[in-house]
Amino acid sequence: WAADAYTDAARYAHQAAIEVGTRMDPAHGTADARRDEMRNALLLCGRAWSAALRFTEAITAFAEVLAMTPREAAEGIWAQVQVEYANALVSAAEPVQGEEIKRLYGGATTTYRAALEVYTRKALPQEWAEVQHDLAYALSKQAEASEEPDRATLLADAVQRFRLALKVYTHEAN
């Protein structure tokens, strides 16, 4: 029943995004306010689709949010959505094989790296370590689907990312 509830929530959020997008009356707020409402509705939609394990729909919703969220205008939100988008790509890759798995994990690693431009170790160490860990996982899964010499390069990068994350996790544990 939970998947059905999340699916319903995603549909309601998507409908809300459509309604916000069609309101052009200035009485409903500025264009920026409507854009923010639409972005929030689509973000909720993506999260609900992810919770319902419907990753293709989640990927689409997160991509739409990123398209309307310039990094310069909302850096924190942009980075957060990058991570959620990458997480959906990783989850979508789990049941597939062949070139599609490489494409999905490759997209996830690129997207995690983009988030790390904002989530720096100095500014946001916990978020940075979490994304390093997620990136390491995606790299290791991408390596499993790859041939040599790419496999060795991807695994070396994954090991390095796990080590970087452990430096923060170990430091915080002490």
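Above this text is the structure in question.
About the thresholds
- In this convention, every chain numbers its residues from 1, walking through the sequence in written order.
- Whole-chain, interface and lining totals are the exception, using all residues; otherwise, since this is a predicted model, local features are given only for residues with pLDDT of at least 70 and side-chain atom pairs are given and counted only at 80 or more.
- The side-chain figures draw on all heavy atoms in the structure; neither hydrogens nor water molecules are used.
- Only DSSP runs of H or I with at least four residues qualify as helices, and only runs of E with at least two residues qualify as strands; both kinds are numbered from the N terminus onward.
- Think of it in three bands: residues with accessible area under 20% of the maximum for their type are buried, residues over 50% are exposed, and the middle band is partly exposed, with areas taken using a 1.4 Å probe on protein chains only.
- Surface accessibility in these figures is a Shrake-Rupley result with a 1.4 Å probe; residues are shielded only by whichever protein chains are displayed.
- In protein, a polar contact requires one atom able to donate a hydrogen and another able to accept it; more generally it is a pair of N or O atoms within 3.5 Å, and residues adjacent in sequence count only if both atoms are side-chain atoms.
- By definition, residues are in contact when any of their heavy atoms lie within 4.5 Å.
- We define a salt bridge as a side-chain nitrogen of Lys or Arg found within 4 Å of a carboxyl oxygen belonging to Asp or Glu.
- Here, the term nonpolar core denotes a set of buried Ala, Val, Leu, Ile, Met, Phe, Trp, Tyr and Cys residues that are joined through side-chain atoms within 4.5 Å.

### Examining the overall build of the protein
Here is step 1: Summing up its helical and strand segments, the protein has seven helices and zero strands in all.
Here is step 2: Counted from the first residue to the last, the protein has its helices and strands arranged as α-α-α-α-α-α-α.
Here is step 3: The buried share among the 174 residues of the protein stands at 41%.
Here is step 4: Element-wise, carbon and sulfur atoms account for 56% of the exposed surface of the protein, whose accessible area totals about 9600 Å².

### A look at the side chain of T111
Here is step 1: As for its placement among the helices and strands, T111 is situated in helix α5 (residues 98-116).
Here is step 2: Polar side-chain contacts of T111 include one of 2.7 Å to the backbone oxygen of G107.
Here is step 3: Those residues in contact with T111, other than ones at most four positions away along the chain, are Q82, Y85, A86 and L89.

### Details of the side chain of T69
Here is step 1: With respect to the helices, strands and loops of the structure, T69 is situated in the loop between α3 (55-67) and α4 (75-93).
Here is step 2: For T69, a relative accessible area of 2% corresponds to the buried category.
Here is step 3: Reaching out from T69, the side chain makes a polar contact with the backbone oxygen of V65 at a distance of 2.6 Å.

### Some details on the pattern of salt bridges
Here is step 1: Overall, the coordinates contain 10 salt bridges when judged by the stated rule.
Here is step 2: The closest approach of N and O atoms between R71 and E117, which form a salt bridge, is 2.5 Å. On the criterion of sequence distance, the pair formed by R71 in the loop between α3 and α4 and E117 in the loop between α5 and α6 (125-144) is long-range, its members being 46 residues apart.
Here is step 3: A relative accessible area of 48% means that E117 is categorised as partly exposed.
Here is step 4: In this structure, D157 and R113 form a salt bridge, with 2.7 Å as the shortest nitrogen-oxygen distance.

### A look at the nonpolar core
Here is step 1: Core analysis: the biggest nonpolar cluster contains 45 residues, and F62, A108 and Y112 have the highest contact counts within it.
Here is step 2: Of all the elements in the fold, those that place two or more residues in this core are α2 (31-51), α3, α4, α5, α6 and α7 (150-173).
Here is step 3: The residues contacting A108, other than those within four sequence positions of it, are A86, L89, V90 and A138.

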